[in-house]
Amino acid sequence: ILNVEQSPQSLHVQEGDSTNFTCSFPSSNFYALHWYRWETAKSPEALFVMTLNGDEKKKGRISATLNTKEGYSYLYIKGSQPEDSATYLCAPSMEYGNKLVFGAGTILRVKS
Amino acid sequence: DSGVTQTPKHLITATGQRVTLRCSPRSGDLSVYWYQQSLDQGLQFLIQYYNGEERAKGNILERFSAQQFPDLHSELNLSSLELGDSALYFCASSARDPDTQYFGPGTRLTVL
């Protein structure tokens, strides 16, 4: 069973704070790493797909990096806003294919 | 709106019954994925179809089956339902592997 760990489990920050989360996964047979944002009562929304070691992706105030050799990815949010409150999920796929294994997620709450 | 549609939105049924969940992928997407989110569990991959053929299988019970039709819509059939099958079932679609998976709004199944 593929072990995907996300930390922290939850995070409460003030508006304007910058924050980051970690996703750890087995480095062998790695194929791609997906990040999703999941707001309550909605469906998961894709943020990034990364495949290469050293990949960095950015979307507005959110960015992500990937280290496939050591098996981790960081997600950064700069200047958190209340609308960033959501669960952030990472999901690697191993070997060829798009079969994702989701981590338990990091719950972010941003207070105004 | 991701462009992926799922019907019905809610389904309430009794143990032992059979239900069919339907998914229409985004226009042009050939891959369809089914996920289950049970209480206290993360998103679990069930099965993937690509252009009508089964591509990958996850933790899908033998009581569950799926298919993808020539028009690319997909159906997930759940039979001999048990209380533990109560969950949120998501469908996602993508254009190719690896690629962003776009999630539908989900079908909430309640088995009484």
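Right, let's get into the overall build of chain A. A count of helices and strands for chain A gives 0 helices and 10 strands. In sequence order, chain A lays out its α and β elements as β-β-β-β-β-β-β-β-β-β. The C-alpha atoms of chain A give a radius of gyration of 13 Å, which matches the 13 Å a tight globule of 112 residues would have. Overall, the C-alpha framework of chain A stretches about 40 × 30 × 20 Å when taken along its three principal axes. Pairs at least 24 residues apart make up 53% of the contacts formed inside chain A by residues separated by at least 6 positions. When the 11 basic and 11 acidic side-chain charges of chain A are each reduced to a single mean position, those positions are 3 Å apart.

Formed by 23 residues in total, the largest nonpolar core has its most connected members in L33, W35, L75, Y88 and L108 of chain A. With 4 residues, strand 9 (residues 86-94) of chain A is the single largest residue contributor to this core. In this structure, L21, C23, W34 and I47 of chain B belong to the second largest nonpolar core, which totals 21 residues.

Here we take up the pattern of salt bridges. Close approach of charged atoms allows side chains with opposite charge to pair. Residues and elements named next belong to chain A. Applying the stated rule across the entire model yields 8 salt bridges over all chains. When the shortest N-O distance is used, the salt bridge between R37 and E45 registers 3.7 Å. One salt bridge in this structure joins D84 and R37, with 4.0 Å as the shortest N-O distance. One end of the pair, D84, is in the loop between strand 8 (72-77) and strand 9; the other, R37, is in strand 4 (residues 30-38), and 47 residues separate them in sequence. Residues D84 and R37 agree in their burial class; the two are buried. Bridged by salt links that share partners, the residues R37, E39, K42, E45, R61 and D84 form one connected network.

Turning our eyes to something else, we now look at the environment of S2 of chain B. Residues and elements named next belong to chain B. Tracing the sequence through the fold places S2 in the segment before strand 1 (5-7). Residue classification places S2 among the partly exposed positions, given a relative accessible area of 25%. Considering only alpha carbons, one finds S2 and I47, 45 residues apart in sequence, at a separation of 20 Å. Other than its neighbours up to four places away in sequence, S2 contacts R26, Y102, F103 and G104. Among the polar contacts listed, one links the side chain of S2 to the backbone nitrogen of V4, at a separation of 3.2 Å. Among the polar contacts made by the side chain of S2, one reaches the main-chain carbonyl oxygen of F103 at a distance of 2.6 Å.

One can expect most non-glycine residues to show negative phi and most peptide bonds to be in trans. The step from S7 of chain A to P8 of chain A runs through a cis peptide bond, and the omega angle for that step is -5 degrees. Cis geometry marks the peptide bond from T7 of chain B to P8 of chain B; its omega dihedral reads -10 degrees. Within the secondary structure, P8 of chain B is located in the loop between strand 1 and strand 2 (10-13). Positive phi values are uncommon outside glycine, yet N29 of chain A reaches one of about 60 degrees.

Rules behind the numbers
- Going along each chain's sequence as written, the residues are numbered from 1 onward.
- Whichever chain is written first becomes A and whichever ligand is written first becomes 1, with later ones labelled in order.
- Where local features are concerned, this predicted model is filtered to residues with pLDDT of at least 70; where side-chain atom pairs are given and counted, the filter is 80 or more; whole-chain, interface and lining totals use all residues.
- Processing note: side-chain calculations cover all non-hydrogen atoms of the structure and skip hydrogens and water entirely.
- Numbering of helices and strands starts at the N terminus; helices are DSSP runs of H or I of at least 4 residues and strands are runs of E of at least 2.
- For the radius of gyration, the atoms used are the C-alpha atoms, and the globule rule reads 2.2 Å times the number of residues raised to 0.38.
- Contacts are residue-level and defined by heavy atoms, with any inter-residue pair within 4.5 Å sufficient.
- Note that His is not counted, nor are the chain ends; the positive residues are Lys and Arg, and the negative ones are Asp and Glu.
- Throughout, a charge is located at the NZ atom of Lys, the CZ atom of Arg, the CG atom of Asp or the CD atom of Glu.
- Put simply, a nonpolar core is a bunch of buried Ala, Val, Leu, Ile, Met, Phe, Trp, Tyr and Cys residues held in one set by side-chain atoms that sit within 4.5 Å of each other.
- Here's how the labels work: a residue is buried when its accessible area is under 20% of the maximum for its type, exposed when over 50%, partly exposed in between, all with a 1.4 Å probe on protein chains only.
- For this document, the term salt bridge refers to a Lys or Arg side-chain nitrogen within 4 Å of an Asp or Glu carboxyl oxygen.
- N or O atoms within 3.5 Å of each other form a polar contact, as long as, within protein, one can give a hydrogen and the other can take it, and as long as residues adjacent in sequence are counted only when both atoms are side-chain atoms.

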